[in-house]
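The primary structure of each chain is shown beneath.
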Amino acid sequence: MKISNIIITAAIGIGLLSGAIFTKPFGLSDEDRACYETAVSLQYAADNIGFTDFYLTDYPVSVCDGKNDYVLISNGNSYDVVKRAPVIETLAGTIYEVDGQYEVIVPARSLMKSLVGVIGETWNENEQAAMIWHEAFHCWQMSNYEDNIVSILGENSFEDDSFGGALINSQYTENPKAAELFRKQLVLLSDCIGEKDVDIIKESIVKYKKLDEERLSLLSEDTVCLEKYYTRVEGTASYVEACICKSQDANRYESEYQSRLAEYSEGSEKYYTLGRSQCMLLDKLDSNWKTEYDFSDDLIDLIYEKLGV
Amino acid sequence: MIALIAFKEKIRRKVFFAVFALAALITLIFSTGAATVTINGESVTDYKILMPTMLTVMNAASCAMAVALSLNTIPKEYERHTNQLIFIRGVSQSRYRIQLAIANITASLVSHAIFFSGLAVYIITSKNPSELLWAVPSYMYSGIGIVIVSLCTTCLSIVFSEMAAGVISVVIMLIGVFYPMIELLKGIAGGLSGKIFKALLFVLPNLHGIQSAAGCLITEHTFDLHIMFVALFYVYLFALGIILFRRKED
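Keep in mind the model is a prediction, meaning the values are calculated, not measured. (Residues numbered from 1 in each chain as written. Chains lettered and ligands numbered in written order. Predicted model: local features only at pLDDT ≥ 70, side-chain atom pairs only at ≥ 80, totals over all residues. Heavy atoms only, no water.)

## A word on the overall build of chain B
Helix and strand counts for chain B come out as 12 helices and 2 strands. Shown N-terminal to C-terminal, the secondary structure of chain B runs as helices and strands in the order α-α-β-β-α-α-α-α-α-α-α-α-α-α. Excluding contacts between residues fewer than 6 apart, the proportion of contacts in chain B whose partners are at least 24 apart in sequence is 79%. For chain B, the exposed surface amounts to about 12100 Å²; the carbon and sulfur share of it is 71%. (Helix = DSSP H or I, 4+ residues; strand = E, 2+ residues; numbered from the N terminus. Contact = heavy atoms within 4.5 Å. Areas by Shrake-Rupley, 256 points an atom, 1.4 Å probe, with all protein chains shown as cover.)

In structure tokens, the structure reads:
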């Protein structure tokens, strides 16, 4: 091979490699920045929900791309980005206490797109922003009401979330009657949310209460404990997420939240729906319920109290 | 000249009838609304969601065709001892193999164009004719991935037997097409498995990334320079392999 050909060939290779290196995106991607900025811009929607002093910018938001965490820390009208090694590896949104402060931790949008793409779904900026708000609400819960939330689980320890999910699944598999009762309860709640007449709502909740008592008697104490935890903690966060979604995209709100209020799911997912439904019903009965709610009571107990059931 | 003869021989094969039939079938399925994507259990027929799905299906089919069209070109020529006839005429083996690789690439890109025309039909039937203009650069962009598959298969067919080259090519193609799934497995798996997945992802081309970037040209009118450079670098490496690798008969 001629020397000139070798030089040209090498130059092409070096040129392409250099092009690949210099065009490689570094740091936090523009799309993740955009998702955070979109989330922050939805503070007005969170204010309309009504939980006291719930601000996204109070909590650092850490975006994990698998190799690094990019922590977005608000400073007035802008934000700083701090790069660090990942504190945890996650393929889902969560919160984590870092140096005494709760942080939102979410996978990068590109990772979420890959993750949901495997099961044939899509993941857009609005969904990423809604997930940030869901987790930020958990930060607010733990920052303000940690003792009440921890006390829900009592002496039981369910640190391993998969254990809780497995327990719930096995309980409902062993007790199909409990699953059937749960479905009926979801339908009753969904009907109440769409009902204007308070007397009819009250009648339905009386039926709901009987079904609830029957269902809970079929489940173990641990399962009942977990149910209270998930309904209060995740149910309210799911409600916040739904409200944020409603402000962004009414169609997606309808298809993913509103139309699925009576949908029974396996595992802990059903408690997200249950809690969200209970929050929506409470909105009908007393729009100010959120200003005083401190997670020490079940949402359904508040409903019973407001209806005199 | 060698490339043209080899290419003409390829298009005489019945495989192109299969390409036409498959492209027509995929187009029919998507254009008539028979194809839907399910999101949260509900069927979605929105163009912006179905178009990338169709592009994924078309690309996967094109990649498979590229392997099929490129696999036995060189082994067949060597089997027929055509290489010796060429060598007597003063054409070097590496130049001969490059010409055959060009024929493979051309045939693969023609097959890809047939599949892509199905996508163009879908864009028109979905009443988005303005996006048709973007289909041309998208074809060229996604064509880089097809060239990579063709060159990779050609390269492997120089060194390995036809069967072995075929198996390895298909594995590389599948890993490239399902790159996000392998990334997910890398995230979940630990220990040696995680390291193996990490190594595979580092070494092998991300065909899914190329196809996604090509899709973004149509849907979002954005151009990813980084993915293009990486893809072209893989083309460069495999082209080098065709020049440098030797067959045992050489």
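Having seen it, we continue.
## A few points about the packing of helix α7 (residues 176-194) of chain A against helix α11 (residues 269-285) of chain A
Residue and element names in this part refer to chain A. The N-to-C vectors of α7 and α11 enclose an angle of 30°; their axes lie 9 Å apart at closest approach. Here α11 runs roughly parallel to α7, going by the angle between their axes. α11 is crossed by α7, and the crossing has left-handed handedness. In this structure, α7 uses Phe182, Leu186, Leu189, Cys192 and Ile193 to contact α11, whose residues at the interface are Lys270, Tyr271, Thr273, Leu274, Ser277, Gln278, Met280, Leu281 and Lys284. Residue composition of the contact of α7 with α11, by class: 9 nonpolar, 3 polar and 2 charged. (Axes fitted to C-alpha atoms, helices over the stretch in contact; angles between N-to-C directions. Parallel < 35°, antiparallel > 145°, perpendicular 65-115°, else oblique. Left-handed = near helix turned anticlockwise from the far one by under 90°. Nonpolar A, V, L, I, M, F, W, Y, C, P; charged D, E, K, R; others polar.)

## What to know about a nonpolar patch on the surface
Residue and element names in this part refer to chain B. Residues Val159, Phe160, Leu244 and Phe245 make up a contiguous nonpolar surface patch of about 360 Å² in total accessible area. In this fold, Val159 is placed in helix α7 (residues 132-159). Its relative accessible area of 43% is what places Val159 among the partly exposed residues. (Patch = residues over 30% accessible without salt bridge, like charges linked within 9 Å, V, L, I, M, F, W, Y side chains within 5 Å. Salt bridge = Lys/Arg side-chain N within 4 Å of Asp/Glu carboxyl O. Buried < 20%, exposed > 50% of the residue type's maximum accessible area, 1.4 Å probe, protein only.)

## What about the nonpolar core?
Counting residues in hydrophobic clusters, the biggest one holds 82 residues, and the most contacted among them are Phe51(A), Phe54(A), Tyr172(A), Ile205(A) and Trp289(A). Shared between two domains, this core holds at least three residues of each, these being domain 1 (30-147) and domain 2 (159-307) of chain A. With residues near it in sequence (within four places) discarded, Ile205(A) still touches Leu189(A), Cys192(A), Leu281(A), Ile303(A), Tyr304(A), Leu307(A) and Val309(A). If you look at the next biggest cluster of nonpolar residues, it comprises 69 residues, including Ala23(B), Val67(B), Ile210(B) and Ala214(B). (Core = buried A, V, L, I, M, F, W, Y, C linked by side-chain atoms within 4.5 Å. Domains from an automatic or database assignment.)

## Section: the pairing of strand β2 (residues 69-75) of chain A
Residue and element names in this part refer to chain A. Two elements, strand β1 (residues 61-64) and β2, share 4 bridges in a ladder whose sense is antiparallel. Along β2, the bridge assignment pairs Val63 with Tyr70. Between β1 and β2, which pair antiparallel and follow one another directly, the connecting turn spans 4 residues, one of which, Gly66, has a positive phi of 100°. Sheet topology places β2 next to strand β3 (residues 78-84); 7 bridges connect them, and they run antiparallel. Residue pairing in the sheet places Leu72 in a bridge with Val81 of β3. (Pairing = 2+ DSSP bridges.)

## Describing the pattern of salt bridges
Oppositely charged side chains can form a pair if their charged atoms are brought close together. All names here are of chain A. Inspection of the entire model under this criterion finds 14 salt bridges over all chains. With a shortest N-O distance of 2.8 Å, Arg260 and Glu263 are connected by a salt bridge. By relative accessible area, Glu263 is classed as partly exposed at 32%. Residue Asp283 pairs with Lys290 through a salt bridge whose shortest N-O separation is 2.8 Å. Residues joined by salt bridges that share partners form a network here, namely Asp69, Arg84 and Glu103.

## Considerations on the packing of α7(B) against helix α8 (residues 162-177) of chain B
All names here are of chain B. At a closest axis distance of 9 Å, the pairing of α7 and α8 adopts a crossing angle of 150°. Relative to α8, α7 is oriented roughly antiparallel. α8 is crossed by α7, and the crossing has right-handed handedness. Along the contact surface, α7 presents Cys152, Thr153, Leu156 and Ser157, while α8 presents Ala165, Ile168, Ser169 and Ile172.

## What about the sheet that holds β2(A)?
All names here are of chain A. Taken together, the 5 strands give an open sheet; going across it, the order is β3-β2-β1-β5-β4, and neighbouring strands pair in mixed fashion. Every interior strand has two partners, whereas the edge strands, β3 and β4 (94-98), have only one. Direction aside, neighbouring strands of the sheet carry axes that sit 30° apart on average. Where β1 lies against strand β5 (residues 101-107), 4 bridges are found, and the strand directions are parallel. Bridge pairing in β5 links Val63 to Val106. On top of the sheet, helix α2 (residues 30-41) reaches β1, β2 and β3; it is set at about 135° to β3, its chief contact.

## Brief notes about unusual backbone geometry
Only a minority of non-glycine residues have a phi that is not negative, and only a minority of peptide bonds are not trans. Residues and elements named next belong to chain A. Phi angles above zero are rare outside glycine, and Asp53 is one such case at about 55°. A positive phi angle is found at Asp99, which is not glycine, with a value near 50°. Mapped onto the secondary structure, Asp99 falls in the loop between β4 and β5.

## Section: the domain arrangement of chain A
All names here are of chain A. Split by domain assignment, chain A resolves into domain 1 (30-147) and domain 2 (159-307). Taken over C-alpha atoms, the centre of domain 1 sits 25 Å from the centre of domain 2. Domain 1 puts 21 residues into the contact, and the matching count from domain 2 is 23 residues. Summed over both partners, the interface of domain 1 with domain 2 comes to about 1800 Å²; 66% of that surface belongs to carbon and sulfur atoms. It is Ile49, Phe51 and His134 that lose the most area in domain 1 upon contact with domain 2, and together they represent 32% of the buried surface on that side. The interface formed by domain 1 and domain 2 contains 1 salt bridge. Between Arg252 and Glu127 there is a salt bridge; the shortest N-O distance is 3.9 Å. (Buried area = accessible area lost by both parts, 1.4 Å probe.)

## Here we look at the pairing of β4(A)
Residue and element names in this part refer to chain A. For β4 and β5, the ladder comprises 5 bridges, and the chain directions are antiparallel. Bridging across to β5, Ile95 finds its partner in Val104. In this antiparallel pair of consecutive strands, β4 and β5, the connection spans 2 residues, and Asp99 shows a positive phi of 50°.

## Re the confidence of the model for chain B
On average, chain B scores 83 in pLDDT, and the residues at 70 or more come to 89%. Of all helices and strands in chain B, the one with the weakest mean pLDDT is strand β1 (residues 37-39) of chain B (53), whereas helix α12 (residues 225-244) of chain B scores best (94). (pLDDT = per-residue confidence, 0-100.)

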